[in-house]
Amino acid sequence: MQTPNRIDPNLPVGAYQTFSITAPKDTRVAAACEQVDCQAWRHGWDSIVDESTELGRSQAQYIRAESRRTFREMRTEAGLTVFRFESGQRCFAEHYTRPEIYLVRDGDWRGNPTGRRRQHTRPADWVEDMAENQGRLIDLQQKG
């Protein structure tokens, strides 16, 4: 692997902080439709069921009695049942995502002299922390 081309830092390693987002390899977790930007969740969807078959009757029974979702029921000219689901509710698919780790540690690519690191539990907190750090750097730069 090629080594990165880095500019020599002007300050000691302890004067820096590193903000990183990583995802563990080979790890996936169940996720809600909203987390994965599911198009059915975003726009709604139709489920078309043929109730002349055993499978279709079973699907229709589940949707009507157990799905706990909001829908409108219609019939096509061909005799199929269309269940139209509103947006903003969980679809019937199972979604998965990879967890992300939002980390801040002292130091830079040369190391972490203090060993101090913290992991944010929410992405918004990590973004806020980084923005505050950037604001401090801008203030220091403007002061000279």
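Above this text you will find the structure in question.
Let me begin by describing the structure that accompanies this report. (Residues numbered from 1 in each chain as written. Predicted model: local features only at pLDDT ≥ 70, side-chain atom pairs only at ≥ 80, totals over all residues. Heavy atoms only, no water.)

## Points about helix α2 (residues 54–65)
Part 1 of the reasoning: A rise of 1.5 Å per residue sets the reference length of α2, with its 12 residues, at 16 Å; its end C-alpha atoms lie 16 Å apart and thus fit the reference within 8%.
Part 2 of the reasoning: Of all the residues in α2, the buried ones are G56, A60 and I63. Within α2, the buried residues cover an arc of 65° as seen down the axis, which keeps them to one side. Seen from the buried face of α2, the exposed residues on the opposite side, beyond 90 degrees, are E54, L55 and A65.
Part 3 of the reasoning: Residues of α2 that are buried sit in contact with β3 (45–49), β4 (71–75) and β5 (81–85). (Helix = DSSP H or I, 4+ residues; strand = E, 2+ residues; numbered from the N terminus. Expected span 1.5 Å × (residues − 1). Buried < 20%, exposed > 50% of the residue type's maximum accessible area, 1.4 Å probe, protein only. Arc of directions from axis to C-beta. Contact = heavy atoms within 4.5 Å.)

## Brief notes about the pairing of β4
Part 1 of the reasoning: Pairing geometry for β4 and β5, over 5 bridges, is antiparallel. In the sheet register, M74 faces β5, and the bridge partner there is V82. (Pairing = 2+ DSSP bridges.)

## Some words on unusual backbone geometry
Part 1 of the reasoning: With a phi close to 55°, D26 is a non-glycine residue in the positive phi region.
Part 2 of the reasoning: Topologically, D26 is positioned in the loop between β1 (17–22) and β2 (29–31).
Part 3 of the reasoning: Given a relative accessible area of 82%, D26 falls into the exposed group.
Part 4 of the reasoning: In this structure, D37 is a non-glycine residue whose phi angle is positive, near 55°.
Part 5 of the reasoning: The topology assignment puts D37 in the loop between β2 and α1 (39–43).
Part 6 of the reasoning: Here D37 falls in the partly exposed class, since its relative accessible area comes to 37%.

## Quick notes on the layout of surface pockets
If you roll a probe as big as a water molecule over the atoms, it shows you where there is empty space left.
Part 1 of the reasoning: Counted as a void, the largest pocket has a volume near 300 Å³.
Part 2 of the reasoning: As for the largest pocket, its lining consists of N10, L11, A15, Y16, Q17, N133, Q134, R136, L137 and L140.
Part 3 of the reasoning: Residues that form the lining of the largest pocket fall into these classes: 5 nonpolar, 4 polar and 1 charged. (1 Å grid on protein atoms, 1.4 Å probe; cavity = no way out; pocket = protein on both sides within 12 Å on 5 of 7 lines; lining within 4 Å. Points joined across faces, edges and corners; volume = space filled by probe spheres on them. Nonpolar A, V, L, I, M, F, W, Y, C, P; charged D, E, K, R; others polar.)

## Some thoughts on the pattern of salt bridges
Part 1 of the reasoning: Here the structure, examined in full by the defined rule, presents 11 salt bridges.
Part 2 of the reasoning: Note that E51 is salt-bridged to R75, the shortest N-O span being 3.9 Å. Separated by 24 residues along the polypeptide, E51 in the loop between β3 and α2 and R75 in strand β4 bring together distant segments of the chain.
Part 3 of the reasoning: As a salt-bridge pair, R118 and D129 come within 2.6 Å of each other at their nearest N and O atoms. Here R118, found in strand β8 (residues 117–120), pairs with D129, found in helix α3 (residues 123–143); they are 11 residues apart in sequence, far enough to count as distant.
Part 4 of the reasoning: Judged by its relative accessible area of 9%, D129 is buried.
Part 5 of the reasoning: Via salt bridges that share partners, E51, R64, E73 and R75 belong to a single interconnected network. (Salt bridge = Lys/Arg side-chain N within 4 Å of Asp/Glu carboxyl O.)

Any functional reading would require information beyond the geometric quantities listed.
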